[in-house]
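Notes for the structure review
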Amino acid sequence: MAGHPQILLRASSVDLDSGMRPQDAIDTAIVGHREVLTAAHSLGETEIREPSLLPGWSRGRVIAHLAHKSRSHVAVFEGAREGVVREQWPRGQAAAEAETEAWSNRSATDLCGLLAGGFSELERAWQLLPDDAWLRSGISSAGERSMIEFVDRHMRDVFVHHVDLGIGYVAADWPTVFVTTELPKRLRDLPDRAEAHAILAWLLGRTAAPRLAPW
């Protein structure tokens, strides 16, 4: 469309056959870390308890989720460095959710510290993973994934949940590396979230957008 920059879609932040470090995604995620941390530090005790854009979640719950999930990736990357396939949630999803909920009730200062620590540990884990180890696997909540895909999943969490904080950062602020990595995945999943005829009619400009099932 005239007036809009061309965005080339891709299925991942790097060619999965290359075995190369996904440096663009890593660099983009690190910038996102700094932006989310700045946003979190701007919230006082009252503001951090207020509702986020996610139904039923406070801003503190969003920050706790990001902090906890970042730390859950660290052990997976450490395992890949050692040649061991590790689970993101070794004690199970329910235990992880309970711990995250407990974290969400901590002070704003503590939450910012947990978030900063999670990001820092994860960045170090990325740095220490050898270039030839990025196709090694870990077990995420969605199943077995490569270390490259773990970075993509983390990048999605960072940028989507920054919007969820509801303090001025919006989807239009998302970096191109994130959009071009994530959009093809969401388009690929569309037929699982709505009836195919309704999706096609919408894409052809014949009906309103169909209601999508949760992703």
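Residues numbered from 1 in each chain as written. Predicted model: local features only at pLDDT ≥ 70, side-chain atom pairs only at ≥ 80, totals over all residues. Heavy atoms only, no water.

Here's the deal with the packing of aromatic side chains
The full count for this structure, using the stated rule, is five aromatic pairs. The interplanar angle of 85 degrees and the centroid separation of 5.2 Å between the aromatic rings of tryptophan 174 and phenylalanine 178 together place this pair among those described as edge-to-face. With relative accessibility at 3%, the residue phenylalanine 178 sits in the buried group. Site record: aromatic cluster; members linked through ring pairs are Phe77, Trp126, Trp134 and Phe150. A cation sits over an aromatic face here: arginine 61 above tryptophan 57, 4.3 Å from the ring centre. (Phe/Tyr/Trp six-rings, centres within 6.5 Å; stacked < 30°, edge-to-face > 60°. Buried < 20%, exposed > 50% of the residue type's maximum accessible area, 1.4 Å probe, protein only. Lys NZ or Arg CZ within 6 Å of the ring centre and 35° of its normal.)

Concerning the pattern of salt bridges
Across all of its chains, the model carries 16 salt bridges by this definition. Notably, a salt bridge pairs glutamate 182 with arginine 186, separated by 2.0 Å at the nearest N-O pair. In this pair, glutamate 182 and arginine 186 are both assigned in helix H7 (residues 176–189), four residues apart and thus about one turn of the helix distant. Accessibility expressed as a relative area gives 7% for glutamate 182, which makes it buried. Judged by relative accessible area, which is 22%, arginine 186 ranks as partly exposed. Among the charged side chains, a salt-bridge network with shared partners connects Arg156, Glu182, Arg186, Arg188 and Asp189. (Salt bridge = Lys/Arg side-chain N within 4 Å of Asp/Glu carboxyl O. Helix = DSSP H or I, 4+ residues; strand = E, 2+ residues; numbered from the N terminus.)

Overview of the environment of alanine 67
For alanine 67, the position within the fold is in helix H3 (residues 59–82). Residue classification places alanine 67 among the buried positions, given a relative accessible area of 0%. Counting along the chain gives 44 residues from alanine 67 to leucine 111, while the straight-line C-alpha distance between them is 8.0 Å. Dropping the residues within four chain positions of it, alanine 67 is found in contact with Trp103, Leu114, Leu115 and Gly118. (Contact = heavy atoms within 4.5 Å.)

Remarks on the layout of surface pockets
Empty space left among the atoms is revealed by rolling a probe the size of a water molecule over them. Here the second largest pocket is characterised by a volume of approximately 370 Å³. Around the second largest pocket sit 14 residues that line it, and Trp174, Glu182, Leu183, Arg186 and Arg193 are the ones nearest its centre. When contributions to the lining of the second largest pocket are tallied by element, the ones reaching two or more residues are helix H6 (147–164) and H7. Here the lining of the second largest pocket gets six residues from one element, more than from any other, and that element is H7. Here the lining of the second largest pocket is composed, by residue class, of 10 nonpolar, no polar and four charged. (1 Å grid on protein atoms, 1.4 Å probe; cavity = no way out; pocket = protein on both sides within 12 Å on 5 of 7 lines; lining within 4 Å. Points joined across faces, edges and corners; volume = space filled by probe spheres on them. Nonpolar A, V, L, I, M, F, W, Y, C, P; charged D, E, K, R; others polar.)

Comments concerning the nonpolar core
Counting residues in each nonpolar core, the largest one holds 23 residues, and the members touching the most others are Phe77, Trp126, Leu129, Trp134, Met147, Val151 and Met155. At the level of secondary structure, the elements contributing two or more residues to this core comprise helix H1 (23–41), H3, helix H5 (108–128), H6 and H7. If you tally residues by element for this core, the top one is H6, at seven residues. Not counting residues up to four positions away in its chain, the partners in contact with leucine 129 are Arg21, Phe77, Ala80, Arg81, Trp134 and Met147. Core analysis: the next-biggest nonpolar cluster, separate from the first, contains 20 residues, Leu66, Ala67, Leu114 and Phe119 among them. (Core = buried A, V, L, I, M, F, W, Y, C linked by side-chain atoms within 4.5 Å.)

Examining the packing of H3 against H5
Where H3 contacts H5, the two axes come as close as 8 Å, and the packing angle between them is 25 degrees. Classified by the angle their axes make, H3 and H5 are roughly parallel. Between H3 and H5 the crossing geometry is left-handed. Contacts between H3 and H5 involve Gly60, Ile63, Ala64, Leu66, Ala67, Ser70, Arg71, His73, Val74, Phe77 and Arg81 from the former and Leu111, Gly113, Leu114, Leu115, Gly117, Gly118, Phe119, Glu121, Leu122, Ala125, Trp126 and Leu128 from the latter. (Axes fitted to C-alpha atoms, helices over the stretch in contact; angles between N-to-C directions. Parallel < 35°, antiparallel > 145°, perpendicular 65-115°, else oblique. Left-handed = near helix turned anticlockwise from the far one by under 90°.)

Structural notes on the pairing of strand S1 (residues 137–140)
The sheet contact formed by S1 and strand S2 (residues 143–146) spans four bridges and is antiparallel. Pairing of isoleucine 139 across the sheet is with glutamate 144, part of S2. Counted between consecutive antiparallel strands, the loop separating S1 from S2 contains two residues. (Pairing = 2+ DSSP bridges.)

All quantities given are derived from atomic positions and should not be read as evidence of function.
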